[in-house]
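# Coordinates in review
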Amino acid sequence: MNAQTPQTNGGPSQEDRLRADLYNYLGLVLARPMDGMVLSQTAGLSGDDTALGHAINALAAAAADVDPVNVRREYDALFIGLGRGELVPYASFYLTGFLNEKPLALLRSDFAALGLTRAEGVFEPEDGIASLMEAMGALISGRFGPVPAPERQRDFWAKHVGPWAGHFFTDLEGAKSASLYGAVGTVGRCFMEIEREAFRLAAA
């Protein structure tokens, strides 16, 4: 996707920068197989003594013990396959059982309101998990313009991420073809649980 709106003053807090970094990381590793550089960076991650921190440590250990060729094979089996991978990582599919349905149309409408268009040469639907992780990271960091109020972040998350991303990450965590990406699934699931609770408390 392309952001058409320039960033303005008013940056995110340190906590929100960390949130944006994790969203952007998940978007990166789910958009394409991890190459050697990303694997090396992932192997260097370290987490704290929380469920998410333990998941990050497990992902780092998994990344240190795999090569890019096997990662590509795993990624292909999970998301591409012969005709279809083990998982179909799109909101429309998770919410309706079909691709290119109402969830995609609603997302495109909200993307248009943010001044976003699909990047040239990208033909996959915008409601893929990688695209939505990237979008959340950009919203939080202010890449689409001024950093939005927490209510706007919550509304976007509740409409486009919350209803299905946790289910997707749980499926990825337990997928038959998943090894390294199973650890990615655990990180994503823990993160979505934290985000859900944080948005719930903020709205209380």
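Residues numbered from 1 in each chain as written. Predicted model: local features only at pLDDT ≥ 70, side-chain atom pairs only at ≥ 80, totals over all residues. Heavy atoms only, no water.

## A look at the environment of Arg152
Within the element layout of this structure, Arg152 appears in helix α8 (residues 150-160). For Arg152, a relative accessible area of 45% translates into the label partly exposed. Residues Arg152 and Phe93, 59 residues apart in the sequence, show an inter-C-alpha distance of 25 Å. (Helix = DSSP H or I, 4+ residues; strand = E, 2+ residues; numbered from the N terminus. Buried < 20%, exposed > 50% of the residue type's maximum accessible area, 1.4 Å probe, protein only.)

## Things to note about the packing of helix α6 (residues 102-113) against α8
One can describe the packing of α6 onto α8 by two numbers: an axis separation of 10 Å at closest approach and a directional angle of 155 degrees. By the criterion of interaxial angle, the relationship of α6 to α8 is roughly antiparallel. Crossing geometry of α6 relative to α8 is assigned as left-handed. Of α8, the residues touching α6 (which contributes Leu106, Leu107, Asp110 and Phe111) are Phe156, Lys159 and His160. Across the contact of α6 with α8, the residue classes break down as 4 nonpolar, 1 polar and 2 charged. (Axes fitted to C-alpha atoms, helices over the stretch in contact; angles between N-to-C directions. Parallel < 35°, antiparallel > 145°, perpendicular 65-115°, else oblique. Left-handed = near helix turned anticlockwise from the far one by under 90°. Contact = heavy atoms within 4.5 Å. Nonpolar A, V, L, I, M, F, W, Y, C, P; charged D, E, K, R; others polar.)

## Regarding the nonpolar core
Among the nonpolar cores identified, the biggest contains 53 residues, and Leu26, Leu30, Met34, Phe169, Leu172 and Tyr181 are the most heavily contacted of them. Apart from residues lying up to four places away in sequence, Phe169 is in contact with Leu26, Leu30, Ile129, Met133, Val184, Gly185, Gly188, Arg189 and Met192. (Core = buried A, V, L, I, M, F, W, Y, C linked by side-chain atoms within 4.5 Å.)

## Some words on the pattern of salt bridges
Scanning the entire structure with this criterion turns up 8 salt bridges. One salt bridge in this structure joins Glu134 and Arg143, with 3.7 Å as the shortest N-O distance. Taking the relative accessible area as the measure of exposure, Glu134 reaches 25% and is therefore partly exposed. Looking at Arg143, the relative accessible area reads 36%, which means it is partly exposed. Each of Asp16, Arg19 and Glu195 takes part in a single network of salt bridges with overlapping partners. (Salt bridge = Lys/Arg side-chain N within 4 Å of Asp/Glu carboxyl O.)

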